[in-house]
Amino acid sequence: MGKLFGTNGIRGVPGEDMSVEFVAEVGRALGTYFKKGPILLGRDGRASSLAVSKALASGLMFSGLEVRDAELVPTPCLQYAVKKLGYEGGVMVTASHNPPKYNGIKVMGGDGVEVSREDELKIEEIYLEKKFRKVKWDEIGEVKLEHRAIDEYLNGVIGLVNADEIRRGDFRLIMDIGNGAQAVAAPHMAERLGVKVLTLNGNVDPSFTGRGPEPTPDTLSAMRRAVKELGYDLGVGYDGDGDRAIFCDDKGEAYWGDITGALILDYLLSKSPGSRVVTTVSSSQLIGIVAEKHGSKLIYTKVGSVDVSRAMIEHGALFGIEENGGWFYSPHIPVRDGCMSTALILEVLSKGEDSLSERMVSLPKFYKMKVKVECPEGMKGEVVDKVARASRGRIESVDGMKVWLDERSWVLVRASGTEPLIRIYAESDDEPTVKRIVDEYKEIVEDLIKKNAGSSREA
Ligand code: MG
């Protein structure tokens, strides 16, 4: 593993490219970077998570740091507990929504937010140059259990919504936990809010045998059917470590996070007009429309949750939205959080009598499509540049290139940060138009890759 951090922490397959020596050295690098403890450690329910967290703890202790272990918790719970309980930093062992064999390490500062890209480079440098802090035998740290994390987390979330009003709503909610880490928190939160909960895949299972660790409108089909057939008010599906949430309405219709996020944003901005909002360039223009309605400034970032968190801190933003179901609510903590998202949508539903489906219909309708094209790693940047040069329209280049083709239609062409792929996204208020845009740009990208491959062979 040359470069330690990807777009979302350190990832690998334990026993393959993530050895015990590697993990312990990462622990030593983190101990050297943090300088002092205590550090709060947490893990998801993957088969390798306990082993990875023990090796990390050893590395941290050998650097002279005290470690406290919150054990199995959702990522946002660990993050909130770091901030609330006054830890110097936090380390979470999780590969989020990746397949079961993967694992990963996420590093949080004392504010509970993932460390900045600059700090990732500092940690990388310590690791690569082996500049580890060494302590004497009697300065080696200890690990003890931290049992307060889940309670603090749920108290924090519930304290930010009108719990009495939600209780009066008598809501019925289906939670598809996806065998992930929210099993230990989200159902308890819903109970405390007086919500009648039915859980699907509610046991922690290292193989994610239920529906897999990634919630999408497709993978949540069982939940959607159950909500509709059993007459529940809504459904929510979480990812493996519980920071992302995808919702469906009473009719079983599921939406991406930027669409339901726009509904929540409309509510939050009606209470705090003019507050700043952050989203990624791939999000729906619906967010821009809602922000404008309330006189709010919308800041676009690259695709990636750390970019959203850091931009929120920099601009003092109230709310952040990712299309994959990540919502960031600053009064809680500017990181994405499945429990906070669920509490917020319940609060919105508790205002007035309209069902979630009625509320969703009231939003302007947009159509979005996404495709990917395989592209050799070394060619990705050049292809994106050439697409930009061949395009007419207003171009934004926050991440890849986004071209506004008319008032209500855009296309985004960007290189994947982790895979040899070019991703093409398009959105329009007209369904045939979005299909036409995607087809057209897919052809342009494929042609450029073919031509590039041809010219590099000739050279
Ligand atoms: Mg996640």
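Residues numbered from 1 in each chain as written. Predicted model: local features only at pLDDT ≥ 70, side-chain atom pairs only at ≥ 80, totals over all residues. Heavy atoms only, no water.

**Q** Account for the sheet that holds strand β14 (residues 319-321), with residues named and values stated.
**A** A sheet is described by the order of its strands in space; here five strands give the open sequence β13-β12-β14-β15-β16, paired in mixed fashion. Looking at strand neighbours, the two that pair on one side only are β13 (298-301) and β16 (333-336), the edges of this open sheet. Between one strand axis and the next, the sheet turns through 15° on average, direction left out of account. For strand β12 (residues 277-280) and β13, the ladder comprises four bridges, and the chain directions are parallel. Directly across from Thr-279, in β13, lies its bridge partner Tyr-300. (Pairing = 2+ DSSP bridges. Helix = DSSP H or I, 4+ residues; strand = E, 2+ residues; numbered from the N terminus. Axes fitted to C-alpha atoms, helices over the stretch in contact; angles between N-to-C directions.)

**Q** Outline the sheet that holds strand β17 (residues 367-374), listing residues and values.
**A** Sheet architecture is open: five strands sit in the order β17-β21-β20-β19-β18, paired in antiparallel fashion. Every other strand in the sheet has two partners, leaving β17 and β18 (394-396) as the edge strands with one partner each. Averaged over all pairs of adjacent strands, the angle between their axes in this sheet comes to 15°, without regard to strand direction. Note: β18 against strand β19 (residues 401-406), three bridges, orientation antiparallel. By the bridge assignment, Arg-394 is partnered in β19 with Trp-404. Packing against the sheet, helix α14 (residues 380-390) makes contact with β18, β19, β20 (409-415) and β21 (421-428), and its axis sits at approximately 155° to β20. (Contact = heavy atoms within 4.5 Å.)

**Q** For the packing of aromatic side chains, give the residues involved together with the corresponding values.
**A** Scanning the model with the defined rule gives five aromatic pairs in all. Centroid distance Phe-22 to Tyr-127: 5.6 Å. Interplanar angle 80°. Geometry classified as edge-to-face. In this pair, Phe-22 sits in helix α1 (residues 20-34) while Tyr-127 sits in helix α4 (residues 117-128), placing the two residues 105 residues apart along the sequence. The buried category is assigned to Phe-22, whose relative accessible area is 7%. The structure contains a cluster of three or more aromatic residues connected by ring pairs, namely Phe-247, Phe-319, Trp-327 and Tyr-329. Note that Lys-402 overlies the ring of Tyr-300, its terminal NZ or CZ placed 4.6 Å from the centroid. The aromatic ring of Trp-410 is capped on one face by Lys-402, whose charged end is 4.4 Å from the ring centroid. (Phe/Tyr/Trp six-rings, centres within 6.5 Å; stacked < 30°, edge-to-face > 60°. Buried < 20%, exposed > 50% of the residue type's maximum accessible area, 1.4 Å probe, protein only. Lys NZ or Arg CZ within 6 Å of the ring centre and 35° of its normal.)

**Q** If you had to explain the nonpolar core to someone new, which residues and values would you point to?
**A** If you look at the biggest cluster of nonpolar residues, it comprises 69 residues, and the most contacted ones within it are Leu-193 and Phe-319. It is helix α12 (residues 338-350) that contributes the most residues to this core, eight residues altogether. Apart from residues no more than four positions distant in its own chain, Phe-319 is found in contact with Gly-261, Ile-264, Leu-265, Leu-268, Arg-276, Val-277, Val-278, Met-312, Trp-327, Phe-328, Tyr-329 and Leu-344. Grouped together as the second largest cluster of nonpolar side chains are 30 residues, Leu-4, Met-18, Tyr-33 and Ile-39 included. (Core = buried A, V, L, I, M, F, W, Y, C linked by side-chain atoms within 4.5 Å.)

**Q** Residue-level account of the pairing of strand β2 (residues 39-43), with values.
**A** With respect to burial, β2 is a largely interior element, five of its five residues being buried. Pairing analysis gives five bridges linking β2 to strand β4 (residues 89-93), with the strands arranged parallel. Looking at β4, one finds that Leu-41 is bridged to Val-91.

**Q** Now, about the environment of Gly-15: what can you tell me, with residues and values included?
**A** Mapped onto the elements, Gly-15 comes out in the loop between β1 (10-12) and α1. Assessed through its relative accessible area of 73%, Gly-15 is described here as exposed. In this structure the C-alpha to C-alpha distance between Gly-15 and Ser-48, which are 33 residues apart in sequence, comes to 9.1 Å.

**Q** Go over the coordination of the magnesium ion with me, naming the residues and quoting the values.
**A** Ideal values differ by geometry: the angle at a metal is 109.5 degrees with four tetrahedral donors, but 90 or 180 degrees with six octahedral donors. Note on the magnesium ion: its protein donors are Ser-96 (OG), Asp-239 (OD), Asp-241 (OD) and Asp-243 (OD). The metal-donor distances range over 2.0 to 2.2 Å. The exposure class assigned to Asp-239 is buried, which follows from its relative accessible area of 0%. A relative accessible area of 1% places Asp-243 in the buried class. (Donors = N, O, S within 2.8 Å, 3.2 Å for Na, K, Ca; no water.)

**Q** Explain the environment of Ser-282 residue by residue, including any values.
**A** Locating Ser-282 in the fold gives a position in the loop between β12 and α10 (286-293). Separated by twelve residues in the primary sequence, Ser-282 and His-294 have C-alpha atoms spaced 22 Å apart.

**Q** Which residues make up the packing of helix α3 (residues 75-84) against helix α5 (residues 149-158), and what values do they have?
**A** Two elements in contact, α3 and α5, have axes separated by 9 Å at closest approach and are oriented at 90°. Between α3 and α5, the angle falls in the class roughly perpendicular. On α5, the residues that touch Pro-76, Cys-77, Tyr-80, Ala-81 and Lys-84 of α3 are Ala-149, Ile-150, Glu-152, Tyr-153 and Gly-156. Among the residues making up the contact of α3 with α5, the classes are represented as seven nonpolar, one polar and two charged. (Parallel < 35°, antiparallel > 145°, perpendicular 65-115°, else oblique. Nonpolar A, V, L, I, M, F, W, Y, C, P; charged D, E, K, R; others polar.)

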